[in-house]
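# Fold and geometry: a report
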Amino acid sequence: MIETVATKPFDDQKPGTSGLRKKVAHFSQPHYAENFLQSIFDVAERGPGATLVIGGDGRYFNRPVIEKAIRMAAANGFGRVVVGQNGLLSTPAASHLIRQRKAAGGIVLSASHNPGGPDGDFGIKYNIGNGGPAPEAITEATFKRSRTLQEYKISDAPAPDLSVVGETTIEAMVVEVVDPVADYAELMQTLFDFGKIRALIAGGFTLSFDAMHAVTGPYAKTILEGLLGAPEGTVVNGVPLEDFGGGHPDPNAVHAAELIARMMGPDAPDFGAASDGDGDRNLIVGRGIVVSPSDSLAMLAADIQRAPGYTQGITGIARSMPTSQAADRVAAKRGVKLYETPTGWKFFGNLLDAGMVTICGEESAGTGSDHVREKDGLWAVLLWLNILADRKESVKAVVEGHWQEFGRTYYQRHDYEEIDSKAAEGLMGSLRDRLASMSGQRFGTLVVSEADDFSYKDPIDGSISTGQGVRILFSGGARIVFRLSGTGTKGATLRVYIERFEPDAAKHDIAPQEALSELIDTADVIGEITKRTGRSAPDVIT
Ligand code: G16
C-alpha cells in the first residue's frame, strides 16, 4: 500500500558542490532523508514508468536509505529501479548504468571522500538522464521544493533483498538487482587495450592499487587482478567497509600516505594508484614520483589517442577554474578549445553532451571523459596503464617528458579545514571588496595584472554562475585563487590554489613548496589568512 506521510520542511537541504552532505546524525533525523528524496522526485523530470538507478559507496547508513529510496520510488510512479548488489555502485558505474538503461536519473548515496561511520558523513546526490550530476537549475529547484514540502509518499512494503541478483516487484515497480561491476568492466574494455596492458603486466610491470576500503575494491579486483592478470594482492584495502576501516577515503598525500611511502621506497612497484569513497577520484603515483591531478589531466589529454577508444583524438578539454593551466598548453598545441568552468563536475555535462570536449579534469583528483558523465577513478588508472604500455616508459619518464615538451606548471592547493564560517565569509568578502583596487599592486617581485570573482556562462544553455572563486592573476601568468569548499560538513574549508609556470627545463626539479614560496607568502598577505583564521599553516596540501 502507498502511504502519504505528513512532514515538515527542513531549511538546510541546499545541495553543495556535489549533492547534499551532512553528518550521519543529521541525516538520521526523522523524515530528513525522505524529505530530500521526495523533493528530488517532485522536481526531476520523468516519463510514466521511468527507470531510476540507485546505488551508493557502501558507507554507514547507505542500506536504510537505499531501502527507503526504493519504497519511495515505488510510491512515486517509477516503473523500474536498477540497484547494485548490496546497494553498491561506484559513482562512474552509476553514471554508466543511467546512460545504458536510458534511465530518467539516478540516486547516488555517497559523501565521496568524506569519512564514514556513525560519526562520519553521509550524502545524497541526484544524477539526470545524461548520467551526470544534476545541474544548478535542478539542485536549486530541489532546494526550493524542500522548503515547502508537507508530505512524502512511500510504500509500506519491505524493500527486496539486495544481496541477490535478479528481479522482484514492489507495488507496480520492478526492482532489478545487478552486479555492480559487470557493465562497467565491459565499458572499460571498449575503451582500452586490455591485451597490451595484460602483456605489460605479464612482462613484470608491477602495480599497487589502494581501494581505501571503499567502493572501488570489487571493481579493481575484477579488472586489475582478474581481467588484466595482476597478481593477487595488487589491490590493497579492497573490501568495502561501512566506516572505510576508520580511514578517510581521500586519495591525497595525507590520507594515502601509506601508498605514497610504498611508492617512494626501494622496492616500489612501477605504478601506484588510489581511489576515493565512491570511486570517482584518482591518485596516480609512479616509482619515486607523485603526479599532481592537474598534471595528470594534461598528460592524459596529451596522450589519450594511444587508447583504442580515443584514436580520433580530442575535440576539446575542460577543466575547473582552480585546476592548473597545464592542460591549456596541451589544448593550444593540439589546436582544440579549452573550457574553464566553475568547480563541480556538473558544469562539464553540457560540454560533453554537445561533443565540445572529450576529456575533463579537476585539481580535486578528478579526471574523466565522454564515456560517462562523472569523473572516473579507475578509468584514469586504466588510461595511464594503456599509455605506459604503449610508450614503454616509466611514469617518471612520461611526466618529465611532458614538462620538457609543454613546460612545468608548479601547483599546490592549501586547505584550511573546519575554520569558523564567519571568519571564512569575512575573508572572502574582504577579498571581493578589494578586487577593484588590486590591479597594479606589487607584492615583492609579483605584480597583480588582474583580479576578479570568477563567473561562468554555460555556452549551451546560457545559464550564469557567479561568485565561483576569487582569482588574483600576476604578470607572467602566476595565479592565486581563493574559494570556499562546497563539500564540507563542519565549519568552512578555505581552499587556496597557487600556481606558476616554468618553461625552462633546467628548473623543473625544484620542490613545489620552494618553487611557489613567494606566492604562498603573498597568499597570506593578500588573503589575510593567518590574521582572520588564526591558522599559521594549512591542514592539507595537495
Ligand atoms: C566534488 C565535486 C568536484 C569538486 C570537489 C571539490 O567531488 O564533484 O567537482 O571538485 O567536490 O569541491 P569543493 O572544492 O567544493 O570541496 P567529490 O569527489 O567529493 O564528489
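Residues numbered from 1 in each chain as written. Predicted model: local features only at pLDDT ≥ 70, side-chain atom pairs only at ≥ 80, totals over all residues. Heavy atoms only, no water.

Our working definition: UniProt positions are given in the numbering used here, feature names are shortened, and annotations may be inferred rather than shown by experiment.
Per an unreviewed UniProt entry, the recorded name for the protein chain is phosphoglucomutase (alpha-D-glucose-1,6-bisphosphate-dependent), and the organism is Aureimonas glaciei. Under the UniProt heading Sequence similarities (unreviewed entry), the entry covering the protein chain gives this text: "Belongs to the phosphohexose mutase family."

## Observations regarding the overall build of the protein chain
Filter applied, for reference: For helices the rule is a DSSP run of H or I covering at least 4 residues; for strands it is a run of E covering at least 2, with both sets numbered from the N terminus onward. It is over C-alpha atoms that the radius of gyration is taken, and the globule rule equals 2.2 Å times the number of residues to the power 0.38. The rule is simple: take the accessible area with a 1.4 Å probe, protein chains only, and divide by the maximum for that residue type; under 20% is buried, over 50% is exposed, in between is partly exposed. Here, two residues are considered to be in contact whenever any of their heavy atoms come within 4.5 Å of each other. Each accessible area is a Shrake-Rupley estimate made with a 1.4 Å probe; only the visible protein chains count as cover when residues are assessed. Think of it this way: Lys and Arg go in the positive column, Asp and Glu in the negative one, and His and the chain ends go nowhere. Here the site of a charge means NZ on Lys, CZ on Arg, CG on Asp, or CD on Glu.
Counting its secondary structure elements, the protein chain contains 18 helices and 27 strands. Since a compact globule built from 542 residues should have a radius of gyration of about 24 Å, the 23 Å found for the protein chain is in line with a globular shape. The C-alpha extent of the protein chain, read off along each of the three principal axes, is 70 × 60 × 40 Å. A buried classification covers 58% of the 542 residues belonging to the protein chain. Nonlocal contacts in the protein chain, meaning residues at least 24 apart in sequence, comprise 72% of its contacts between residues at least 6 apart. Surface exposure of the protein chain reaches about 19900 Å², of which carbon and sulfur atoms provide 50%. Averaging the coordinates of the 54 positive side-chain charges in the protein chain and doing the same for the 69 negative ones gives two points 3 Å apart.

## Topic: the packing of aromatic side chains
The relative placement of two aromatic rings is captured by the distance of their centres and the angle of their planes. What counts here: Note on aromatic contacts: the rings of Phe and Tyr and the six-membered ring of Trp form a pair at centre separations within 6.5 Å, being stacked when their planes are under 30 degrees apart, edge-to-face when over 60 apart, and tilted otherwise.
According to the stated counting rule, one finds eleven aromatic pairs in the structure shown. Consider the rings of phenylalanine 61 and phenylalanine 122, whose centres lie 5.2 Å apart with planes at 80°: the pair is edge-to-face. Here phenylalanine 61 is found in the loop between β3 (51-56) and α3 (62-75), whereas its partner phenylalanine 122 is found in strand β6 (residues 121-128), with 61 residues between them in sequence. By relative accessible area, which is 13% here, phenylalanine 61 ends up buried. What makes phenylalanine 122 buried here is its relative accessible area of 0%. Seen from their ring centres, tyrosine 184 and tyrosine 219 are 5.6 Å apart, and the 90° between their planes marks the pair as edge-to-face. One end of the pair, tyrosine 184, is in helix α6 (residues 182-191); the other, tyrosine 219, is in helix α8 (residues 216-227), with 35 residues separating them in the sequence.

## Notes on the side chain of aspartate 280
Checked against the element boundaries, aspartate 280 lands in the loop between β12 (271-275) and β13 (282-286). Relative accessible area serves as the criterion here: at 1%, aspartate 280 is assigned to the buried category.

## Considerations on the environment of histidine 248
Note that histidine 248 resides in the loop between β11 (235-236) and α9 (257-264). When the C-alpha positions of histidine 248 and alanine 478 are compared, they lie 32 Å apart, and in sequence the two are 230 residues distant. Dropping the residues within four chain positions of it, histidine 248 is found in contact with His113, Asn114, Pro115, Met212 and His255.

## Quick notes on the site of the ligand
To keep things clear, this is the line we draw: Near, as used in this document, describes a residue that has one of its heavy atoms within 4 Å of the molecule or strand being considered. Distance and chemistry together define a polar contact, namely a pair of N or O atoms within 3.5 Å, with one atom able to donate a hydrogen and the other to accept it when in protein, and with adjacent residues in sequence counting only for side-chain atoms on both sides. Cavity: a set of points on a 1 Å grid over the protein atoms alone where a 1.4 Å probe fits but cannot get out. Pocket: an open set with protein on both sides within 12 Å along at least five of seven lines, its lining residues, like those of a cavity, having an atom within 4 Å of a point. By definition, a pocket or cavity contains a molecule when more than half of the molecule's atoms lie within 2 Å of the pocket's grid points. Ten residue types, Ala, Val, Leu, Ile, Met, Phe, Trp, Tyr, Cys and Pro, are classed as nonpolar, four, Asp, Glu, Lys and Arg, as charged, and the remainder, Gly among them, as polar.
Taken together, 19 residues form the shell around the ligand, and within it Glu362, Ser485, Gly486, Thr487 and Arg495 come nearest. In the environment of the ligand, an oxygen atom lies 2.6 Å from a nitrogen or oxygen atom belonging to the side chain of threonine 17. Summarising the interface, the protein chains cover 99% of the accessible area of the ligand, which totals 460 Å² for the free molecule. More than half of the atoms of the ligand fall within 2 Å of the grid points belonging to the largest cavity. Grouping the amino acids of the shell around the ligand by side-chain chemistry returns one nonpolar, ten polar and eight charged.

## Quick notes on the nonpolar core
Just so we agree on the cut-off: Only buried residues count toward a nonpolar core, which is a set of Ala, Val, Leu, Ile, Met, Phe, Trp, Tyr and Cys residues joined through side-chain atoms within 4.5 Å.
Judged by nonpolar contacts, the single largest core of 74 residues is most densely connected at Met188, Phe192, Phe271, Ile317, Trp379 and Trp384. Considering each element in turn, this core owes the most residues, eleven residues, to helix α13 (residues 377-391). Look past the residues within four positions of tryptophan 384 in its chain and what remains in contact with it is Phe271, Ile284, Val291, Ser296, Met299, Leu300, Val395, Val398 and Val399. Judged by nonpolar contacts, the second largest core, of 39 residues, contains Ala33, Ala69, Leu162 and Ile170.

## Details of the packing of helix α11 (residues 326-334) against helix α14 (residues 395-406)
For the record, the criterion: Axis definition: a line fitted to C-alpha atoms, over the contacting stretch in the case of helices. Angles run 0 to 180 degrees between N-to-C directions. Crossing handedness is defined as follows: a turn of the near helix away from the far one that is anticlockwise and smaller than a right angle gives a left-handed crossing, while the clockwise case is right-handed.
Two numbers describe how α11 lies on α14: the axes approach to 11 Å, and their chain directions differ by 65°. In this structure, α11 meets α14 at a crossing whose hand is left-handed. Here Arg329, Val330, Lys333 and Arg334 of α11 come into contact with α14, specifically with His402, Glu405 and Phe406. Across the contact of α11 with α14, the residue classes break down as two nonpolar, one polar and four charged.

## Remarks on empty space enclosed by the protein
Operational definition: Grid points are joined across faces, edges and corners, and a volume is the space filled by probe spheres set on the points.
Applying the stated criterion across every chain, the model contains three cavities of 30 Å³ or more. As a volume, the largest cavity reaches approximately 220 Å³. Lining of the largest cavity is provided by 24 residues; of these, Thr17, Ser18, Arg281, Lys375 and Thr487 occupy positions nearest its centre. Across the lining of the largest cavity, the residue classes tally to two nonpolar, ten polar and twelve charged. Taken as a whole, the second largest cavity encloses approximately 120 Å³ of empty space. What lines the second largest cavity is a set of 16 residues, and nearest its centre among them are Pro15, Gly19, Tyr126, Ala134 and Thr139. Sorting the residues of the lining of the second largest cavity by element identifies α2 (32-43), β6 and α5 (136-146) as the ones contributing at least two each. Looking at the lining of the second largest cavity residue by residue, the classes come out as eight nonpolar, six polar and two charged.

## Here's the deal with the pairing of strand β8 (residues 166-170)
Consecutive side chains along a regular strand alternate between the two faces of the sheet. Defined as follows: In this description, strands pair whenever DSSP reports at least two bridges between them.
Two elements, β8 and strand β9 (residues 173-178), share five bridges in a ladder whose sense is antiparallel. Note on β9: the bridge partner recorded for threonine 169 is valine 174. Here β8 folds back onto β9 in antiparallel fashion, the turn holding two residues, of which glutamate 171 has a positive phi close to 50°.

## A look at the pattern of salt bridges
Close approach of charged atoms allows side chains with opposite charge to pair. Put simply, the test is: Think of a salt bridge as a Lys or Arg side-chain nitrogen and an Asp or Glu carboxyl oxygen that are within 4 Å of each other.
One pass over the structure, following the stated rule, counts 38 salt bridges. Taking the shortest distance from any N to any O, the salt bridge between aspartate 42 and arginine 145 comes out at 2.7 Å. Here arginine 145 lies in helix α5 and aspartate 42 lies in helix α2, a separation of 103 residues in the sequence. We classify aspartate 42 as partly exposed; its relative accessible area is 34%. For arginine 145, a relative accessible area of 28% puts it in the partly exposed group. Here glutamate 176 and arginine 101 are joined by a salt bridge, their closest N and O atoms 2.7 Å apart. One end of the pair, glutamate 176, is in strand β9; the other, arginine 101, is in the loop between α4 (91-100) and β5 (105-109), and 75 residues separate them in sequence. A cluster of three or more residues bridged by salt bridges with shared partners is formed by Arg319, Asp328, Glu340, Asp452, Arg471, Arg479 and Glu499.

## Looking at the sheet that holds β11
Hydrogen bonds between backbone atoms are what pair the strands of a sheet, whose relative direction is either parallel or antiparallel. If you walk across this open sheet you meet the five strands as β11-β10-β12-β13-β14, and the pairing is mixed. Unpaired on one side and paired on the other, β11 and β14 (289-291) mark the two borders of the sheet. Looking at chain direction, β12 and β13 are connected through five bridges and run antiparallel. For serine 275, the partnering residue across the bridge sits in β13 and is asparagine 282. Its contacts with the sheet put α9 on β10 (207-210), β11, β12, β13 and β14, and the angle it makes with β13 is roughly 20°. Helix-sheet contacts for α13 involve β10, β12, β13 and β14, and the interaxial angle to β12 is about 165°.

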